[in-house]
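Survey of secondary and tertiary structure
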Amino acid sequence: MEQAARIGRLLLNKLETLKRFPIVGDVRGTGLILGVEFVADQASKRPFPPSAGVTRRIVEAALAAGVMVVPGMGGMIDGVAGDHIQISPPYIFTEANVAQLVAALETAIQTVMRDVPVR
């Protein structure tokens, strides 16, 4: 359990670096259950329209980059709009796995940013 707690803190810290991308609105979580929210406007946290399919695109791009993340249920903002993913790795996750996951998410985010309008 100590290892899982340590890796969870490391993962949260590394995921926080994703906020440098304008479509990342928030990173939150505890232990090994974390989430990343995606927004059209980082300052106002305005969500993408559901038709943009950002969650689906992120999940597909992450899988293409070698990691599996859980798509969040749509509509977390108002019952219709809102994009996010859940990250819940196993307790045996290592520092090398954290680096692989974050690198894959960076690639996925950059891929999606080429196709969706960002303010």
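A brief look at the structure comes next. Residue positions are counted from 1 within each chain, in the order its sequence is given. At least 70 in pLDDT is required for a residue's local features to be given in this predicted model, at least 80 for side-chain atom pairs to be given and counted, and no such filter applies to totals for whole chains, interfaces and linings, which use all residues. Here the side-chain values reflect all heavy atoms present in the structure, with hydrogen atoms and water set aside.

1. Observations concerning the layout of surface pockets
- Here a cavity denotes a set of grid points, spaced 1 Å apart and computed over the protein atoms alone, in which a 1.4 Å probe fits but from which it cannot get out, and a pocket denotes an open set meeting protein on both sides within 12 Å along at least five of seven lines; residues with an atom within 4 Å of a point are reported as lining. Grid points are joined across faces, edges and corners, and a volume is the space filled by probe spheres set on the points. Space inside the largest pocket adds up to approximately 180 Å³.
- Listed by contribution, the elements that provide at least two residues to the lining of the largest pocket are strand S4 (83-87) and helix H3 (95-113).
- The secondary structure listing takes helices from DSSP runs of H or I that are at least 4 residues long and strands from runs of E that are at least 2 residues long, numbered from the N terminus. Of the residues forming the lining of the largest pocket, the biggest block, three residues, is contributed by H3.
- Gly falls in the polar group here, along with every residue not listed as nonpolar (Ala, Val, Leu, Ile, Met, Phe, Trp, Tyr, Cys, Pro) or charged (Asp, Glu, Lys, Arg). By residue class, the composition of the lining of the largest pocket is nine nonpolar, four polar and no charged.

2. Some points on the packing of helix H1 (residues 2-16) against H3
- Axis angles are defined between N-to-C directions and span 0 to 180 degrees, where every axis is a line fitted to C-alpha atoms and, for a helix, only to the segment in contact. For the pair H1 and H3, the least separation of the axes is 10 Å and the interaxial angle reads 25°. When the axes of H1 and H3 are compared, the pair comes out roughly parallel. Relative to H3, the crossing made by H1 is right-handed. Across from Arg6, Ile7, Leu10, Leu11, Lys14 and Leu15 in H1, the residues of H3 making contact are Glu95, Val98, Leu101, Val102 and Leu105. By definition in this entry, angles of less than 35 degrees are roughly parallel, angles greater than 145 are roughly antiparallel, angles of 65 to 115 are roughly perpendicular, and the rest are oblique. By definition, any crossing whose near helix is turned counterclockwise from its far helix by less than a right angle is left-handed, and any crossing with a clockwise turn is right-handed. We call two residues in contact whenever any of their non-hydrogen atoms come within 4.5 Å of each other.

3. Some remarks on the packing of helix H2 (residues 54-64) against H3
- For the pair H2 and H3, the least separation of the axes is 8 Å and the interaxial angle reads 135°. As far as their axial angle goes, H3 and H2 are oblique. Crossing handedness for the pair H2 and H3: right-handed. Residues Val54, Arg57, Ile58, Ala61 and Ala62 of H2 form the contact with H3, whose participating residues are Leu105, Ala108, Ile109, Thr111 and Val112.
- A breakdown of the residues in the contact of H2 with H3 according to their chemical character gives eight nonpolar, one polar and one charged.

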